[in-house]
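Okay, here's what each chain looks like letter by letter:
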Amino acid sequence: MGELRLSYPASVIAGKTRLTVDDIAILREHVFVPGITASQDAVILLAINGSCSEKCPEWHHYFIDAMTEFIVRTSYPQGAMDEWNADWLIAMISTRGVVNSRIELDLLFHIIDISTHIPDSLSIFALEQIRMAMTGDIGAWAVLRGSRKNGLEKADILLIARVMSAIARSRGSQLTARERRMLEQIGILTGLSSERIEAA
């Protein structure tokens, strides 16, 4: 794949160390005038987000709102996530299956919260972020959950509830076999991870 080339003024913004409210205004007025309307636009916004280590508080809302508007509301099927869009999102926000950035983890769960339907690939990916944090202290959720204990914490359960709510909207009470296996690995029904159940 070729290297992503950013045109002016996106290239200048991507070269900064801190994103400001003025940068958001420039993106709105000169780069993404009609909003994010194509996957290339989304890739550019992701690149800018990833290239700048410091961000103003307003960036969080702008990034998540702009990305969600494109991924969920503009892209087909509108209002929902299909397998193709889920695979694209996973590829864009993770490295070897791990989401390492808080803002990208927030984007993932915001999309899960508002979508009328999600495929099991997305629910499993989200649950896997929780499992990896619990058992291996890996990923953005490991930093955010507030505990290094190997087992379910209140914060984990609240995040799992968001995924379960999305599954309910998508398929009612019907879990796929893959979702059931992931929930068993997490230990959501017992409060213990599968590794600790075996050890007991």
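This text goes with the structure placed above it.
What counts, and at which threshold
Residues numbered from 1 in each chain as written. Predicted model: local features only at pLDDT ≥ 70, side-chain atom pairs only at ≥ 80, totals over all residues. Heavy atoms only, no water. Helix = DSSP H or I, 4+ residues; strand = E, 2+ residues; numbered from the N terminus. Rg over C-alpha atoms; globule rule 2.2 N^0.38 Å. Buried < 20%, exposed > 50% of the residue type's maximum accessible area, 1.4 Å probe, protein only. Contact = heavy atoms within 4.5 Å. Areas by Shrake-Rupley, 256 points an atom, 1.4 Å probe, with all protein chains shown as cover. Core = buried A, V, L, I, M, F, W, Y, C linked by side-chain atoms within 4.5 Å. Axes fitted to C-alpha atoms, helices over the stretch in contact; angles between N-to-C directions. Parallel < 35°, antiparallel > 145°, perpendicular 65-115°, else oblique. Left-handed = near helix turned anticlockwise from the far one by under 90°. Nonpolar A, V, L, I, M, F, W, Y, C, P; charged D, E, K, R; others polar.

Enquirer: Go over the overall build of the chain with me, naming the residues and quoting the values.
Expert: Looking only at helices and strands, the chain features 11 helices and two strands. Seen in sequence order, the chain has helices and strands lined up from the N terminus as α-β-α-α-β-α-α-α-α-α-α-α-α. In summary, the chain has a C-alpha radius of gyration of 18 Å against a globular reference of 16 Å for 200 residues, a match within 12%. Looking at the chain as a whole, 44% of its 200 residues qualify as buried. Here the contacts in the chain between residues at least 6 apart in sequence split such that 63% fall between residues at least 24 apart. Of the roughly 10,500 Å² that the chain leaves accessible, carbon and sulfur atoms contribute 54%.

Enquirer: Could you give an account of the nonpolar core, naming the residues involved and the relevant values?
Expert: Proteins that are soluble and globular tend to have nonpolar side chains buried together. Within the largest apolar cluster, 59 residues are counted, with the highest numbers of intra-cluster contacts made by Leu45, Trp59, Leu89 and Leu108. Here this core gets nine residues from one element, more than from any other, and that element is helix α4 (residues 57-74). If we ignore the near neighbours within four places in the chain, the residues touching Trp59 are Leu19, Ile24, Leu27, Leu45, Ile48, Asn49 and Ile103.

Enquirer: How would you explain unusual backbone geometry if you had to name every residue and give the values?
Expert: Cis geometry is found at the peptide bond from Tyr8 to Pro9, where omega equals 5°. Take Pro9: it is sitting in the segment before α1 (10-14). Along the chain, Tyr76 connects to Pro77 via a cis peptide bond; the corresponding omega equals -5°. Checked against the element boundaries, Pro77 lands in the loop between α4 and α5 (83-93). Look at Asp137: it is not a glycine, yet its phi comes out positive at around 55°. Within the element layout of this structure, Asp137 appears in the loop between α7 (120-136) and α8 (140-144). Its relative accessible area of 34% is what places Asp137 among the partly exposed residues.

Enquirer: Describe the packing of helix α3 (residues 39-51) against α5, with residues and values.
Expert: Axis angle and axis distance: for two packed helices, these are the angle between their axes and the distance between the axes, and together they describe the pair. It is at 11 Å that the axes of α3 and α5 come closest, and there the two elements cross at 25°. By the angle between their axes, α3 is roughly parallel relative to α5. The interaxial crossing formed by α3 with α5 has right-handed handedness. Along its contact with α3, which presents Ser39, Ala42, Val43 and Leu46, the element α5 presents Trp88, Met92 and Ile93. By residue class, the composition of the contact of α3 with α5 is six nonpolar, one polar and no charged.

Enquirer: Any chance you could break down α5 for me, citing the residues and the numbers?
Expert: Where α5 is concerned, the buried positions are Asn85, Ala86, Trp88, Leu89, Ile90 and Ile93. Contacts from the buried residues of α5 go to α3, α4, α6 (102-114) and α7.

Enquirer: Kindly report on the packing of helix α9 (residues 154-171) against helix α10 (residues 177-186), identifying the contributing residues and their values.
Expert: The N-to-C vectors of α9 and α10 enclose an angle of 165°; their axes lie 13 Å apart at closest approach. By the angle between their axes, α9 is roughly antiparallel relative to α10. For the element pair α9 and α10, the recorded crossing hand is left-handed. Contacts between α9 and α10 pair Ile160, Met164, Ile167 and Arg171 from the former with Glu179, Leu183 and Ile186 from the latter.

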